[in-house]
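Residue-level listing of the chains:
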Amino acid sequence: MKGQVIFRGASFSLIFSVRATLGLLLLTLLLLASTVISLRVGNEVFGWTDTFLGVLGEADAFTNLIVQNLRLPRILLAIIAGASLAIAGLLLQNLTRVSLASPSLLGTVDGAGFMVTLFLWWFSDASNQLVVSIHWLPFVAFLGAVMSLTLLFALVRRKSSMFRLILLGIALSGLFKALTILAMIKGPISVASQAQLWLVGYVNQTSWSEIQVLAPIFISLMVLVIAAYRLLLVSNLHQDTIAGLGLSINRQTLVLALLSTAFTATAVAFAGGIGFVGLVVPHLARRLFGAHALVLLFSCAVMGALMVLLADLAGRTLFSPYEVPTGVFTALIGIPFFLYLYLFKGR
Amino acid sequence: MLPPSSPRRFYFALIALMVAFITSLLLGYQSYGLYQLVQAFAGEVSEASYILLDLRLPRAILAPVVGAALAVAGVMLQSMTRNPLTSPDIIGMNSAAALVVVVLLTVMPGISLYWLNVGAISGAGCAGLLVYLLAKIGHDKHSLLKLPLLGAVITLFFSAMTQVILTLDEAVLEKALFWLAGSVTDRGYDLMQVGLPVITLGFVLTALCLRQMELLHLDESHAHSMGVNIKRLHNMVLLSVALLVGGSVVLAGPIGFIGLVIPQFAKLVFGYRHRILIPGAALMGALLLTLADVLSRFVIYPQEAPVGVVTAIIGVPLFIYYVVHHTSGEV
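These numbers come from a predicted model, not from an experiment.

Conventions used here
Residues numbered from 1 in each chain as written. Chains lettered and ligands numbered in written order. Predicted model: local features only at pLDDT ≥ 70, side-chain atom pairs only at ≥ 80, totals over all residues. Heavy atoms only, no water. Helix = DSSP H or I, 4+ residues; strand = E, 2+ residues; numbered from the N terminus. Rg over C-alpha atoms; globule rule 2.2 N^0.38 Å. Buried < 20%, exposed > 50% of the residue type's maximum accessible area, 1.4 Å probe, protein only. Contact = heavy atoms within 4.5 Å. Areas by Shrake-Rupley, 256 points an atom, 1.4 Å probe, with all protein chains shown as cover. Lys, Arg positive; Asp, Glu negative; His and termini not counted. Charge placed at Lys NZ, Arg CZ, Asp CG, Glu CD. Expected span 1.5 Å × (residues − 1). pLDDT = per-residue confidence, 0-100. Phe/Tyr/Trp six-rings, centres within 6.5 Å; stacked < 30°, edge-to-face > 60°. Lys NZ or Arg CZ within 6 Å of the ring centre and 35° of its normal. Buried area = accessible area lost by both parts, 1.4 Å probe. Salt bridge = Lys/Arg side-chain N within 4 Å of Asp/Glu carboxyl O. Polar contact = N/O pair within 3.5 Å; in protein donor to acceptor, adjacent residues only side chain to side chain. Nonpolar A, V, L, I, M, F, W, Y, C, P; charged D, E, K, R; others polar. Patch = residues over 30% accessible without salt bridge, like charges linked within 9 Å, V, L, I, M, F, W, Y side chains within 5 Å. Axes fitted to C-alpha atoms, helices over the stretch in contact; angles between N-to-C directions. Left-handed = near helix turned anticlockwise from the far one by under 90°. Bend = angle between axes of the 7 residues up to and from the residue.

1. Some words on the overall build of chain B
The helix and strand tally for chain B stands at 13 helices and zero strands. Since a compact globule built from 331 residues should have a radius of gyration of about 20 Å, the 20 Å found for chain B is in line with a globular shape. Of all 331 residues assigned to chain B, the portion counted as buried reaches 56%. Residue pairs in contact within chain B that sit at least 24 positions apart in sequence constitute 76% of those at least 6 positions apart. About 14,200 Å² of surface is accessible on chain B, with carbon and sulfur atoms providing 68% of the total. The average position of the 17 basic charges and that of the 16 acidic charges among the side chains of chain B differ by 15 Å.

Quick look at the structure:
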């Protein structure tokens, strides 16, 4: 085929689309460049050599502290959160066949936020220290995400009704927001401020201990989703065709739903309610690279990471010395784009 | 299906509202009996009379007024857009008013309450106009989903902007907190002097075009043949919705879900004729917000919850019920 390169081995064959491969390479380079710039600039701007030495821990103590212990973890968190949110959105859109489905619009993020607030409240002692390990936080967020998605699907009943899915998602997200406010008022004041920060989506104050929790989860989820990428192909087919191919719709649905929820939880556990990544990025990826599932997965991951990273960069440099929450910037980028897509570009 | 619009339902709603009003006076952190209420009204000075007359009476009056304003605004917006899934708060009027207030407080710290109000009302009006215009461009003009979806996104946009300003200027946060979380407690008389006339004006405007409202849902050519200038009517309605919503944001902050669910249930009770529906919805809205205000004192007793939270907790299940049972699922 034109524009494609085919490798054939003894037991496998791979087709690369030249355009997609080049595009992905370009995006990855862009991500790397943004990472380096992100490491360099901020309240304190370092030279190129200092930045590289700082990453390795070879520069002076001050540079080391800022580059290696303050900036690097938050950049990694932004990348993990962005990639996770974008993939979660992709899976959710695939699963529900609703092009507007995304974790933030369907209330999944708010459900996770509610559980996180409860967790912070119930497991704090009198001096506002957590009595259990912070490692439980991603699992609590996962529980909240599962809870809200289950509730939503139970209410919608018919999977592909865009109308109900979106409306009930909006309603549920309102409910969870209200409950979160209640929990914040009822709980100690430190929980309220912590939860408030969480809700608007913040990647600063990230430390290596959080990355240590998240990175293994994220990597194993990526492996899982790549292993299961054929499910994404399948869900483009009609349900009867799927049955005709001898595949179980229920199993496919369950796997996609669990993976999507797990990705959402990974993203929101520490980075909080960063919105619009899961809505906008899959659309953009489809527009740029077409519908090939594996390419879509990778491009979503890279573009999602890029979006959150740039939003974080903007948040901490544009209004310096103030820091604007990352979620605010993803919303400011994502909303006009969404309006454009929705109003002018058909489903 | 047109339910009989018997006056009995009005009387029933009125009596319920009166009961709720008295309950709102009596119950709270410290609860009182009817006897103490009568004594307080008779002019006896005591701790009870202070709490009843100075603390609870203002909010017991404010809650029904704001509730009625929001419900009426909801009915008119739904009729005008021919969409039962819209309401002022859904299309972002509340969040726009909040944004304008925060911007004004940042740019002009010494701004008078009067101008703050004008700002809130014009913010609400502009957001309404924006969503109304956006809904007219692009494809699937007739999808019921369009307005709520656009509204939800616009709301997120406005709150993101508000968030930026609040992060940059923490001093404003304290002053603006008032407008960011809905509540009917501790509203000063100066606020009421500004907010109540605005709402009254909104009600008067509504009453003036009440006779034409029946034709609100018609499109241009049909309305023209009925001898109604539909554009002028739409402008009037949008103006009164902006006044009602702006006024209630000034008085109580953003309170959601009343304008969304009350019109739907008012239609079930009072039918579809606006001359009956609008007063009926006003009564039901007043009732709901008064009850929500009473409940807000007990949900996390001894603390008080913002009344906006309580209306969300009551409103969301009602809305879900409506969507699941009264829409076909495919639009």
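2. Considerations on the overall build of chain A
Secondary structure summary: chain A contains 14 helices and two strands in total. The buried share of chain A, reckoned over its 347 residues, is 54%. The long-range fraction of contacts in chain A, counting pairs at least 24 apart against all pairs at least 6 apart in sequence, stands at 72%. A total accessible area of about 15,100 Å² is found for chain A, and carbon and sulfur atoms account for 69% of it.

3. A closer look at helix 4 (residues 108-122) of chain A
Side chains that are three or four residues apart share a direction in an α-helix, a result of its 3.6 residues per turn. For helix 4 of chain A, built from 15 residues, the straight-helix expectation of 21 Å at 1.5 Å per residue is met to within 8% by its first-to-last C-alpha distance of 21 Å. The element helix 4 of chain A is largely enclosed, with a buried count of 13 among its 15 residues.

4. A word on the confidence of the model for chain B
On average, residues of chain B score 83 in pLDDT, and 90% of them are at 70 or above. The least confident element of chain B, judged by mean pLDDT, is helix 7 (residues 170-180) of chain B at 66; the most confident is helix 12 (residues 274-296) of chain B at 92.

5. Points about the packing of aromatic side chains
All names here are of chain A. Scanning the entire structure with this criterion turns up eight aromatic pairs over all chains. On the basis of an interplanar angle of 65 degrees and a centroid distance of 6.4 Å, the ring pair of Phe-46 and Phe-62 is categorised as edge-to-face. Of this pair, Phe-46 sits in the loop between helix 1 (18-40) and helix 2 (48-56) while Phe-62 sits in helix 3 (residues 61-96), placing them 16 residues apart in sequence. For Phe-46, a relative accessible area of 7% translates into the label buried. Looking at Arg-40, its charged tip hangs above the ring of Trp-48, at a distance of 4.2 Å from the centre.

6. Points about the interface of chain A and chain B
At the junction of the two partners, chain A supplies 45 residues and chain B supplies 45 residues. Contact with chain B buries area across many residues of chain A, yet A:Phe163, A:Tyr342 and A:Leu343 alone supply 17% of it, more than any other trio. At the boundary of chain A and chain B, one finds zero salt bridges. Our count for the contact surface shared by chain A and chain B stands at one residue pair in polar contact (both at pLDDT 80 or more). The leading source of residues in the side of chain A that touches chain B is helix 6 (residues 162-186) of chain A, at 17 residues. Across the side of chain A that touches chain B, the residue classes break down as 33 nonpolar, five polar and seven charged.

7. Here we look at a nonpolar patch on the surface
Residues and elements named next belong to chain A. On the surface, a cluster of nonpolar side chains totalling about 530 Å² of accessible area is made up of Val-5, Phe-7, Phe-16, Val-18, Leu-22 and Leu-25. Elements with a contribution of two residues or more to the nonpolar patch: strand 1 (4-8) and helix 1. Within the secondary structure, Phe-7 sits in strand 1.

8. Section: the packing of helix 13 (residues 293-317) of chain A against helix 14 (residues 326-344) of chain A
Residue and element names in this part refer to chain A. At their nearest, the axes of helix 13 and helix 14 sit 8 Å apart, and the two run at 115 degrees to each other. In this structure, the crossing between helix 13 and helix 14 has a hand that is right-handed. On the side of helix 13, the interface is formed by Met-307, Val-308, Ala-311, Asp-312, Ala-314 and Gly-315, while helix 14 contributes Thr-326, Phe-329, Thr-330, Ile-333 and Gly-334. Looking at the contact of helix 13 with helix 14, its residues break down into six nonpolar, four polar and one charged.

9. Some words on helix 8 (residues 208-227) of chain A
Residues and elements named next belong to chain A. With 20 residues, helix 8 extends 28 Å between its outermost C-alpha atoms, agreeing within 8% with the 28 Å of an ideal straight helix rising 1.5 Å per residue. Of all bends in helix 8, the biggest is about 25 degrees, found at Leu-214, and the proline Pro-216 comes one to four residues later. Those residues of helix 8 lying buried are Glu-210, Ile-211, Val-213, Leu-214, Phe-218, Leu-221, Met-222 and Val-225.

10. Observations concerning the pattern of salt bridges
For the coordinates displayed, the defined rule picks out six salt bridges over all chains. As a salt-bridge pair, A:Asp110 and A:Lys177 come within 4.0 Å of each other at their nearest N and O atoms. Within this pair, whereas A:Asp110 is found in helix 4, its partner A:Lys177 is found in helix 6, the two being separated by 67 residues in sequence. With a shortest N-O distance of 3.2 Å, B:Arg59 and B:Glu304 are connected by a salt bridge. Placement of the pair is B:Arg59 in helix 3 (residues 47-81) and B:Glu304 in the loop between helix 12 and helix 13 (307-326), with a sequence separation of 245 residues. For B:Arg59, a relative accessible area of 8% corresponds to the buried category. Using a relative accessible area of 38% as the deciding quantity, one classes B:Glu304 as partly exposed.

11. Thoughts on unusual backbone geometry
All names here are of chain B. Residue Arg-82 is not a glycine yet carries a positive backbone phi of 55 degrees. Assignment of secondary structure puts Arg-82 in the loop between helix 3 and helix 4 (93-107). A positive phi is found at Phe-257, a non-glycine position, where the angle reads about 75 degrees. With respect to the helices and strands, the residue Phe-257 is situated in the loop between helix 10 (230-252) and helix 11 (258-270). A relative accessible area of 12% places Phe-257 in the buried class.

12. Focus: the side chain of A:Thr261
Residues and elements named next belong to chain A. Checked against the element boundaries, Thr-261 lands in helix 11 (residues 249-271). Overall, Thr-261 belongs to the buried group, its relative accessible area being 4%. Those residues in contact with Thr-261 that sit more than four places away from it in its chain are Phe-142, Ala-145, Val-146 and Leu-149.

13. A closer look at the environment of A:Leu76
Residues and elements named next belong to chain A. By secondary structure assignment, the location of Leu-76 is in helix 3. Taking the C-alpha atoms as reference points, Leu-76 and Trp-208, 132 residues apart in sequence, are found 9.5 Å from one another. If sequence neighbours within four positions are ignored, Leu-76 has contacts with Trp-208 and Ile-211.

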